[in-house]
Amino acid sequence: MSQPTPPTRKPLIVFGSGGHGLVVAETAAAAGFEVLGFYDDDPTRKPPGPWKSLSNHALHLPDVTVIVAIGDNATRQRVQLRTVNEGCELSTVVHPRAIVSPSAKIGKGVFIGPNAVVHSMATLHDGVIVNSGAIVEHHCEIGAFAHVAPGCQMGGSVKIGERSLVGVGASIRPGLNIGQGATLGTGAVVVSNVAEGDTVVGNPARTINP
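Residues numbered from 1 in each chain as written. Predicted model: local features only at pLDDT ≥ 70, side-chain atom pairs only at ≥ 80, totals over all residues. Heavy atoms only, no water.

## Things to note about the environment of Ala 74
Locating Ala 74 in the fold gives a position in helix α2 (residues 73–85). Taking the C-alpha atoms as reference, Ala 74 lies 15 Å from His 20; in sequence the two are 54 residues apart. (Helix = DSSP H or I, 4+ residues; strand = E, 2+ residues; numbered from the N terminus.)

Shown next as C-alpha cells:
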C-alpha cells in the first residue's frame, strides 16, 4: 500500500475490452499514460475505441504495465491475481479530474474515475474501482476488489468488505460496516450495518435475500 504518485508514462495495457475497459483506457490516456491497446481472454471481442487488440505476449514485454479493467468483482480479482502471478506490473489509473487526498492510501490496480473524491486517511485496497463522481469520505476503508459505482456517497469511517458492490447513487451513513460480497442496490440509503453476502435495497435499505 502506498501513497498516490504522479502518473507513470510507462506504456499501459488494458486487460478487458468491455465498456469499463474503454472508460479506463480513456481515463489512462487523459492521465498521461501511453495506452498500447487491449488484451482480452476472449480473442473474438473487438477492442473498443481507437486502440488495437494485443496478444498475451504483450503483457510480458519489458517496461509495460497492466490494469485489469473488468467490472465484475470476482472476475477482476481472479484475473488480477493471475497477472501478478505471471509477473506483470500493475498500474493504478486516476482521472486528472479526481481529487485524492495526499494522506489516502491507494493499492495496486485501482481505478478512480472522473470527479471522484477520496478524502483524508481513506484506504483503497488492491483492485478497487471508485467510479465517476463517487465520494469516499475520511477514514473510509474499501476492501480489495470492491466496486463503488458512480455517484455513491459514503460518510466518514465506513468500511466496505472485499468484492462488495455499492450500486449507483447509493449512500452510506458514517461509521457503518458493509460485509464481504455484499450488494447495495441503486439509490439505496444504508443506515445500518450490512452482513456478508447480503443484498439491500431501498430507503431505508432493507435486506432482500431469498
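On we go from here.
## Notes on the sheet that holds strand β2 (residues 34–39)
Two pairing modes exist for strands in a sheet, parallel and antiparallel, and in both the strands are linked by backbone hydrogen bonds. The strand order β3-β2-β1-β4-β5 describes an open sheet built from 5 strands, whose pairing is parallel. Of all strands in the sheet, those bounded by a partner on one side alone are β3 (52–53) and β5 (89–90). Judged from the 5 bridges that link them, strand β1 (residues 11–15) and β2 form a sheet pairing that is parallel. Residue pairing for β2: Pro 11 is matched across the bridge by Glu 34. Contacts from helix α1 (residues 19–30) reach β1, β2 and β4 (65–68), with the element oriented near 165° to β2. Of the strands in this sheet, β1, β2, β4 and β5 are in contact with α2, which crosses β4 at around 165°. (Pairing = 2+ DSSP bridges. Contact = heavy atoms within 4.5 Å. Axes fitted to C-alpha atoms, helices over the stretch in contact; angles between N-to-C directions.)

## Topic: the confidence of the model for the chain
On average, residues of the chain carry a pLDDT of 93, and 95% of them reach 70 or more. Here residues 2–8 is modelled with pLDDT under 50, and outside its nearest four sequence neighbours on either side it reaches 16 contacts, counting other chains as well. (pLDDT = per-residue confidence, 0-100.)

## Some points on the sheet that holds strand β14 (residues 141–142)
One open sheet holds the 5 strands; their spatial order is β8-β11-β14-β17-β20, and the pairing between them is parallel. With partners counted over all chains shown, the strands left at the sheet margins are β8 (105–106) and β20 (177–178), one partner each. Here 2 bridges tie β14 to strand β17 (residues 159–160), and the two strands are oriented parallel to one another. Note on β17: the bridge partner recorded for Glu 141 is Lys 159.

## Considerations on α2
With 13 residues, α2 should reach 18 Å at 1.5 Å per residue; the first-to-last C-alpha distance of 18 Å fits that figure. Those residues of α2 lying buried are Asn 73, Arg 76, Gln 77, Val 79, Gln 80 and Thr 83. With a side-chain oxygen positioned 3.5 Å from the backbone nitrogen of Ala 74, the residue opening α2 is Asp 72. Taken from the residues just after α2, Gly 87 is the one with a positive phi, measuring 90°. (Expected span 1.5 Å × (residues − 1). Buried < 20%, exposed > 50% of the residue type's maximum accessible area, 1.4 Å probe, protein only. Polar contact = N/O pair within 3.5 Å; in protein donor to acceptor, adjacent residues only side chain to side chain.)

## Some thoughts on the pairing of β2
Each parallel crossover has a hand, and for β1 linked through α1 to β2 it is right-handed. Strand direction decides the pairing type here: β2 and β3, joined by 2 bridges, are parallel. When the sheet's bridge partners are listed, Gly 37 is paired in β3 with Lys 52. (Right-handed = clockwise from strand over helix to strand, strands pointing away.)

## Some words on α1
With 12 residues, α1 should reach 16 Å at 1.5 Å per residue; the first-to-last C-alpha distance of 17 Å fits that figure. All of the buried residues in α1 are His 20, Gly 21, Val 24, Ala 25, Thr 27 and Ala 28. Down the axis of α1, the sector holding all buried residues measures 165°, keeping them to one side. In the core, the buried residues of α1 are packed alongside β1, β2, β4, β6 (93–94), β9 (111–112) and β12 (129–130). Looking one or two residues beyond α1, the residue adopting positive phi is Gly 32, at roughly 105°. (Arc of directions from axis to C-beta.)

## Focus: the environment of Ala 98
Here Ala 98 lies in the loop between β6 and β7 (99–100). By relative accessible area, which is 14% here, Ala 98 ends up buried. Residues Ala 98 and Glu 34, spaced 64 residues apart in sequence, show a C-alpha to C-alpha distance of 19 Å.

## A closer look at unusual backbone geometry
Generally, phi is negative for residues other than glycine and the peptide bonds are trans, each holding for most cases. Note the cis peptide between Asn 203 and Pro 204, where omega equals -5°. Examined against the element boundaries, Pro 204 turns out to sit in the loop between β23 (199–201) and β24 (206–207). Here Asp 63, not a glycine, exhibits a phi torsion of approximately 60°, which is positive. Inspection of the secondary structure assignment puts Asp 63 in the loop between β3 and β4.

## Some thoughts on the pairing of β4
Residues Thr 65 and Ile 67 line one face of β4 and the alternating positions Val 66 and Val 68 line the opposite face, and both faces are buried. Sheet analysis places β1 next to β4, joined by 4 bridges and oriented parallel. If you follow Val 14 over to β4, its bridge partner there is Ile 67. One ladder, built from 2 bridges, connects β4 with β5; its direction is parallel. Bridging from a neighbouring strand, Val 66 pairs with Leu 90 of β5. Once you follow β4 into α2 and on to β5, the crossover reads as right-handed.

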